[in-house]
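# A closer look at the structure
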Amino acid sequence: MHDSPWLRGQYAPVDDELSIAALRVTGALPEGLRGAFLRNGPNPQFPPIGRYHLFDGDGMIHGVTFDGEGGASYANRWVRSAGFEAERAAGRALFGGLSEFAMPPDDIFARVGPVKNTANTHIVSHAGHLLALMEGLGPIEVADDLTTIGPFDFDGRLAGSMTAHPKTDPVTGEMVFFGYSPVAPYLRVHSCDRSGELTWSTVVELPGPVMMHDFVVTESRVVIFDLPAVFDLHALLRGETAIFWDPARGARVGVLDRGAPGSSVRWIDVDPFWVFHFFNAHDEPDGSIAVTGCRAERLNTTFDGSELTDGYRPSVWRWTIGAEATSFGATQLDDAPTDFPRIDERRTGLDNRIGYSGHAARWSGDEVVFDGVTRYDLRTGSSEYRRFGANVTCGETVFAPDPDDPAEGSGWLLNFVHDHDADESMVAVLDAPTLEPVAAVHLPRRVPFGFHGSYVAASAS
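A brief report on the enclosed structure follows. Worth saying up front: this structure is predicted, and the values here are computed from it rather than measured. (Residues numbered from 1 in each chain as written. Predicted model: local features only at pLDDT ≥ 70, side-chain atom pairs only at ≥ 80, totals over all residues. Heavy atoms only, no water.)

## Quick look at unusual backbone geometry
Between Ala 184 and the following residue, Pro 185, the backbone shows a cis peptide bond with an omega angle of -5 degrees. At Ala 119, a position not held by glycine, the phi torsion is positive, near 45 degrees. Assignment of secondary structure puts Ala 119 in the loop between α2 (106-111) and β6 (122-126). (Helix = DSSP H or I, 4+ residues; strand = E, 2+ residues; numbered from the N terminus.)

## Re the pairing of β6
Most of β6 sits inside the fold, with 4 of its 5 residues counted as buried. Where β6 folds back on strand β7 (residues 129-133), the antiparallel hairpin that results is connected by 2 residues, among which Ala 127 adopts a positive phi of roughly 55 degrees. (Buried < 20%, exposed > 50% of the residue type's maximum accessible area, 1.4 Å probe, protein only. Pairing = 2+ DSSP bridges.)

## What to know about the environment of Ser 220
Mapped onto the elements of the fold, Ser 220 is located in the loop between β14 (216-217) and β15 (221-226). Judged by its relative accessible area of 33%, Ser 220 falls in the partly exposed class. Separated by 123 residues in sequence, Ser 220 and Ile 343 place their C-alpha atoms 19 Å apart. Beyond its immediate stretch of four places on either side in the chain, Ser 220 contacts Asp 257, Arg 258 and Asp 283. A distance of 2.9 Å separates the side chain of Ser 220 from the side chain of Asp 283, its partner in a polar contact. (Contact = heavy atoms within 4.5 Å. Polar contact = N/O pair within 3.5 Å; in protein donor to acceptor, adjacent residues only side chain to side chain.)

## As for the packing of aromatic side chains
Taken as a whole and assessed by the stated rule, the structure comprises 23 aromatic pairs. For the pair Phe 225 and Phe 278, a centre-to-centre distance of 4.6 Å together with 40 degrees between the ring planes defines the contact as tilted. With a gap of 53 residues between them, Phe 225 in strand β15 and Phe 278 in strand β20 (residues 274-283) connect regions that are remote in the sequence. Across the pair, Phe 278 and Phe 225 agree in class, each one buried. (Phe/Tyr/Trp six-rings, centres within 6.5 Å; stacked < 30°, edge-to-face > 60°.)

Printed below as a string of structure tokens:
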């Protein structure tokens, strides 16, 4: 198909859409597991027209639905944006990517715009809507059967893009999110209530455009990480590297009260570092904020094909932001390389103790091979892990809560796993408190490595 390493091995795309009922299950699926495990990721339908980066691929959602009676079904669907449909009609790729941008033909530019909404990074559920997300453009809504409904803009009230990592407050039901842009205003922060109505939008001034992948919220505040992964729109339009690491730009952490105007953000200058993903944050009784995430010394992917050297492997850190954003402290909790952190989302923005992230069998440059899940005690830094096998790859672990037990960490861990010896993919189900295997749902096809996903309980769909 193409010589890019992002299109081979665990990343190789699949070329069809399936719907399969009555999957084979080994072990016993818990009765409390009643809902859908949905995971998004890049799956280009055509060979790229230039250098390809993993972030460029068309979104494809893989979903396994648990019926609560021991059975499960599978479906996968592309997210069919306007750009996707234009390429399908043409029978070839029309849009360039982050590593080598190219304008589409004039008629496609007039109808779709200069870039394609790949909607390939996450899928989340809120207020009865399933939203496929990428951080560069707006959401695309999909139906429960994973077919595409179309662009979603909060009844026309959303200006700009939406992060792929919104945070839903488990107490209020609000979903808080941001959107960054390569043109001013470079950052907006938003919130919608539990009914899905957009209730807060504000501009936060930045000195220039940066790639901003994730953030955290507490019960009362939003924490913004303005880190020096610079986004150069003019370089992008010239077909040059548009996103690059520039530590000389400096780095800041901002604290903004939820619902407040962006002009009231309080900034702290910090030494440059990089975070793709965070576990969580919470308010401490003394007014400080505790944040946990996966920190690297520098941006740990490149867009020009250059090789990464030291400092790119992230590990688990905790940061403490002083009351009124007057100080900033950092503590490394563990030195093992890891990423794709998740928590029991019933504790989003609240004090939590348990986190889960990928166990790395190999991490070389910007390629990582996960073969299991690591569970962290985020207070002590202690950890334990479960590997899925000797020659397997897996992705992000997603927590599915036990509906009958509200205690943090009570539930199951779900992961798409591929056994290379058997050439078989499955969804592995672990007991979250013990990491012991509970069941495996055997899938009718190989599922490529992807990005992020959600468990959507049947009552929430």
